[in-house]
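Coordinates in review
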Amino acid sequence: MSKKYSSNQFLKGAMVLTVAALVTKILSAVYRVPFQNIVGDIGFYIYQQVYPFYGIAIALSTYGFPVIISKLVAEKLENEDEEGAKNIVVTSFLFLCLVGLSWFLLVYFGAGVIADWMGDPLLKPLIQVISLSFLLLAPLSVMRGYYQGKEDMMPTAVSQVMEQTIRVTTILVFSTILVSQGYSLYLTGNGALFGSITGGIGGLLVLLFFVSARKEKLFSRKTLRLPGDYLHIWSRLLKNGTAICVSAMLLVLLQFVDSLNVYSLLTSSGMEAESAKTWKGIYDRGQPFVQLGTVVATSISLTIVPLVTSAYLKQKDDLVREYSQLSLKISITIGFAATLGLINIMVPTNTMLFENALGSQVIAVFCVSIFFSCLILTFAGIFQGIGKIYYPAFCILMGIILKYIGNAYLIPIMGIMGASIATVGSLIVITGMMIGKLRRLFPIRFFPFSFYKTLLFSGGSMTIGLQVFLRIYDTLLDKGMPERELSVLFSLGGVCIGGTLFLIVFLRGNVLSREEIGYLPFGSKWVWLMEKVQPMNKK
């Protein structure tokens, strides 16, 4: 008999999974700062060149295949077919073994070709190490998908957090030891990338612990056979899983394009190899900014998208439109504030995190992608909520192609700045395609002029306040104050001042209703703050 779950249990499980996803995203972004401080810009370049392969593997085993497996399992359990659910597990496991093995063989034996394409043959052994992570795809995906299909999110959540924790620990420990022992940066990068293997094994052991503790017999004599419709199951896994993965891999795929041609374009344009590696490493400093900048917007959209799905299944188009507009309004607000705030304090923040202010202009332009990434992630969630899983993937693939072409055209002309502009340009195109499609499906109204007026006024107030604050920073630097210590004070102070100014002015604008604010995490606290800052005549 299948176990029935209440809606409260389901929502609790969804919240657990959301929190785990946010923790892993934060871990994945934050560790890059101490890692760069340990290995420097060239060491960071080496690691970032190969990282996208791990990003692809983690997307496949976390966001793509487990989601589809969970749906297949849930369909069987809905009909109280426990044996059928376990048949799904076996069928999916066999298919994903083939997928994982294919990825491993392709990347491992193609490592030389890939490294030559990147313009750096020394990357070959690092690519071969990271290829091993694809061998863990099948067991991680299947067990996560099985438990999610049973509406039991705890095994997936714990395994995700454990995987990232072990991985980050391995990276920082290995890199510290190898650098202190005087090993080359390429060998250090190899040691850091080994964290993807130790992390994956740690996540797998957690899942096996849950299987053992709950006495699940996923593989038994009864289930060790392919059902008659196994080709249909494999087809759904391939098509739907890939589509969801592509949507989740937006930032990773952009990094992958940069790995393929930024360094080679810089060197072919006449830059010395060491300088090109350094500047690629400096450019890659923008990645943790973008990841952290999109975390908050992603978490908020995750609370809205289930509402879109529920309204769509109940055929309540008005509610679909209302929830979609709300999630977009929140994403626009947070994405705009995060982008503009970071651009304003980029120089001290870059210095605080990465020891110097090199490439601040390049990173500032790159950070414009935070705004568009927030929108794209929200759009993708809405499309998935209404069952349109292929269109976001199509848009993202078109944007990736445009990014590759943009790099090829702009980098020889503008240097590393061309890579930042190409990233932002491709994201603008993806956003435009998604807006057009969504408006055709559901005629979503543009927000009133008062919303944009308040948004711009809030951003302007924040910018003025921060620029005045940073004048003090420049003055103290000119007087010989220690740069990095000063940058810590003004970066953190800038976040507090900028965030406070933006919030006060925005909430005074009264463009979000109390009901809309109530959907946010700690919504009652935001409502209380809005009531405090509202003009007296509006209370």
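Just so it is clear, the model here is predicted, and its values are computed rather than measured. (Residues numbered from 1 in each chain as written. Predicted model: local features only at pLDDT ≥ 70, side-chain atom pairs only at ≥ 80, totals over all residues. Heavy atoms only, no water.)

**Some remarks on the overall build of the protein chain**
To keep things clear, this is the line we draw: Helical segments are the DSSP runs of H or I of at least four residues, strand segments are the runs of E of at least two, and each set is numbered from the N terminus. Working rule for contacts: check all heavy atoms of both residues, and any pair within 4.5 Å makes them a contact. The method behind every accessible area is Shrake-Rupley, applied with a 1.4 Å probe, and residues are considered shielded solely by the protein chains displayed.
From N to C terminus, the protein chain includes 23 helices and zero strands. In the protein chain, 82% of the contacts between residues at least 6 apart in sequence involve partners at least 24 apart. Carbon and sulfur atoms make up 68% of the accessible area of the protein chain, which totals about 23,300 Å².

**Examining the packing of helix H12 (residues 273–283) against helix H19 (residues 416–441)**
The criterion, for reference: The axes are straight lines fitted to the C-alpha atoms, using for helices just the contacting stretch, and the angles between their N-to-C directions are given from 0 to 180°. Each crossing is labelled by how the near helix is turned from the far one, with a counterclockwise turn of less than a right angle marking it left-handed and a clockwise turn marking it right-handed.
At a closest axis distance of 10 Å, the pairing of H12 and H19 adopts a crossing angle of 35°. Viewed along their axes, H12 and H19 form a crossing whose handedness is right-handed. Along its contact with H12, which presents Trp279, Lys280 and Tyr283, the element H19 presents Ile416, Ala419, Ser420 and Thr423.

**Describing the environment of Ile282**
Its place among the elements puts Ile282 in helix H12. The spacing of Ile282 and Asn350 is 68 residues in sequence and 9.9 Å in space, taken between C-alpha atoms.

**Here we look at a nonpolar patch on the surface**
Heads up, the rule is: Grouping into patches uses exposed residues only, defined as over 30% relative accessible area, and leaves out salt-bridged ones; the cut-off is 9 Å for like charges and 5 Å for nonpolar side chains (Val, Leu, Ile, Met, Phe, Trp, Tyr). Salt bridge, as used here, is a side-chain nitrogen of Lys or Arg placed within 4 Å of a carboxyl oxygen of Asp or Glu. For each residue, the accessible area found with a 1.4 Å probe, counting protein chains only, is set against the maximum for its type, and the residue is called buried under 20%, exposed over 50%, and partly exposed in between.
Judged by side-chain polarity, Leu101, Leu105, Phe109, Leu132 and Leu135 come together as a nonpolar surface patch covering roughly 460 Å² of accessible area. As for its placement among the helices and strands, Phe109 is situated in helix H3 (residues 82–109). Judged by its relative accessible area of 63%, Phe109 falls in the exposed class.

**Some remarks on the confidence of the model for the protein chain**
Using the following cut-off: pLDDT measures the predictor's confidence residue by residue and takes values from 0 up to 100.
Chain-level statistics for the protein chain give a pLDDT mean of 84 and a share of 87% at 70 or above. Across residues 1–11 the pLDDT falls below 50, and counting only partners more than four positions away or on other chains, this stretch makes 13 contacts in the model.

**Comments concerning helix H6 (residues 137–149)**
Going by this rule: Helix span is expected to be 1.5 Å times the residue number reduced by one.
Given a rise of 1.5 Å per residue, 13 residues ought to cover 18 Å, and the 18 Å separating the end C-alpha atoms of H6 matches this to within 8%. When you tally the buried positions in H6, you get 13 out of 13 residues, the bulk of the element. Directly after H6, the chain includes Glu151, whose backbone phi takes a positive value near 60°.

**Observations regarding the pattern of salt bridges**
As enumerated under the stated definition, the model contains six salt bridges in all. In this structure, Asp258 and Lys403 form a salt bridge, with 2.8 Å as the shortest nitrogen-oxygen distance. A residue pair is termed long-range when its members are at least 10 positions apart, and Asp258 in helix H11 (residues 250–268) and Lys403 in helix H18 (residues 390–414) qualify at 145 residues. Among the residues examined, Asp258 registers a relative accessible area of 2% and is labelled buried.

**Some details on the nonpolar core**
Test applied: Take the buried Ala, Val, Leu, Ile, Met, Phe, Trp, Tyr and Cys residues and link them wherever side-chain atoms come within 4.5 Å; each set so joined is a nonpolar core.
Counting 132 residues, the largest nonpolar core has Leu123 and Ile127 as the members making the most contacts within it. Looking at this core element by element, the count peaks at 22 residues for helix H2 (residues 32–78). Dropping the residues within four chain positions of it, Leu123 is found in contact with Tyr45, Ile46, Gln49, Val50, Ala115, Met118 and Tyr186. In terms of nonpolar packing, the next biggest core, distinct from the first, is built from five residues, Phe469, Leu470, Leu486 and Phe490 among them.

**Things to note about the packing of aromatic side chains**
Note the threshold: Side-chain rings of Phe, Tyr and Trp, where Trp is taken by its six-membered ring, are said to pair if the distance between their centres is within 6.5 Å; with planes under 30 degrees apart they count as stacked, over 60 as edge-to-face, and otherwise as tilted.
Scanning the model with the defined rule gives 25 aromatic pairs in all. Ring geometry for Phe289 and Phe354: centres 6.2 Å apart, planes at 70°, overall edge-to-face. In this pair, Phe289 is assigned in helix H13 (residues 286–313) and Phe354 in helix H15 (residues 346–354), connecting sequence segments 65 residues apart. By relative accessible area, Phe289 is classed as buried at 7%. Take Phe354: its relative accessible area is 0%, and that puts it in the buried class. Considering the side-chain rings of Phe502 and Phe506, the 5.8 Å spacing of their centres and the 10° angle between planes classify their relative orientation as stacked.

**Describing helix H20 (residues 449–478)**
The end-to-end C-alpha distance of H20, which contains 30 residues, comes to 43 Å, matching closely the 44 Å that a straight helix rising 1.5 Å per residue would cover. For H20, every residue scored as buried is listed here: Phe451, Thr454, Leu455, Ser458, Gly459, Ser461, Met462, Leu466, Phe469, Leu470 and Tyr473. Here the buried face of H20 lies against helix H14 (317–344), H15 and helix H21 (483–508). With its phi angle positive at about 90°, Gly480 sits one or two positions after the end of H20.

**Overview of the side chain of Arg167**
We count it as follows: Just so you know, the count uses Lys and Arg for positive and Asp and Glu for negative, and it drops His and the chain ends. By the criterion applied in these results, polar contacts are pairs of N or O atoms within 3.5 Å in which, for protein atoms, one can donate a hydrogen and the other can accept it, and in which residues neighboring in sequence qualify only through two side-chain atoms.
In this fold, Arg167 is placed in helix H7 (residues 154–180). One buried charge, Arg167, has no salt-bridge partner; the nearest side chain with opposite charge is Glu163, at 7.1 Å. Of the polar contacts made by the side chain of Arg167, one reaches the side chain of Tyr31; its length is 2.8 Å. Every residue in contact with Arg167, bar those within four places of it in the chain, is listed here: Ser28, Tyr31, Tyr47, Tyr51, Tyr54, Gly195, Ser196 and Gly199.

**Here we look at the side chain of Ser131**
Relative to the helices and strands, Ser131 resides in helix H5 (residues 124–131). Setting aside residues up to four positions removed in sequence, Ser131 forms contacts with Phe104, Val107 and Tyr108.

**Details of the environment of Cys395**
With respect to the secondary-structure elements, Cys395 resides in helix H18. Here Cys395 falls in the buried class, since its relative accessible area comes to 0%. Expressed as a C-alpha distance, the spacing of Cys395 and Val429, which sit 34 residues apart in the sequence, is 8.4 Å. Setting aside residues no more than four positions away along its own chain, Cys395 makes contact with Ile430, Met433 and Met434.

**A look at the environment of Phe490**
Tracing the chain through its elements places Phe490 in helix H21. For Phe490, a relative accessible area of 4% translates into the label buried. Here the alpha-carbon distance between Phe490 and Pro348, two residues 142 residues apart in the chain, equals 6.6 Å. Setting aside chain neighbours within four positions, we find Phe490 in contact with Pro348, Phe469, Ile472, Tyr473 and Leu476.

**What to know about unusual backbone geometry**
One non-glycine residue, Glu355, lies in the positive phi region at around 80°. Mapped onto the elements, Glu355 comes out in the loop between H15 and helix H16 (360–366).

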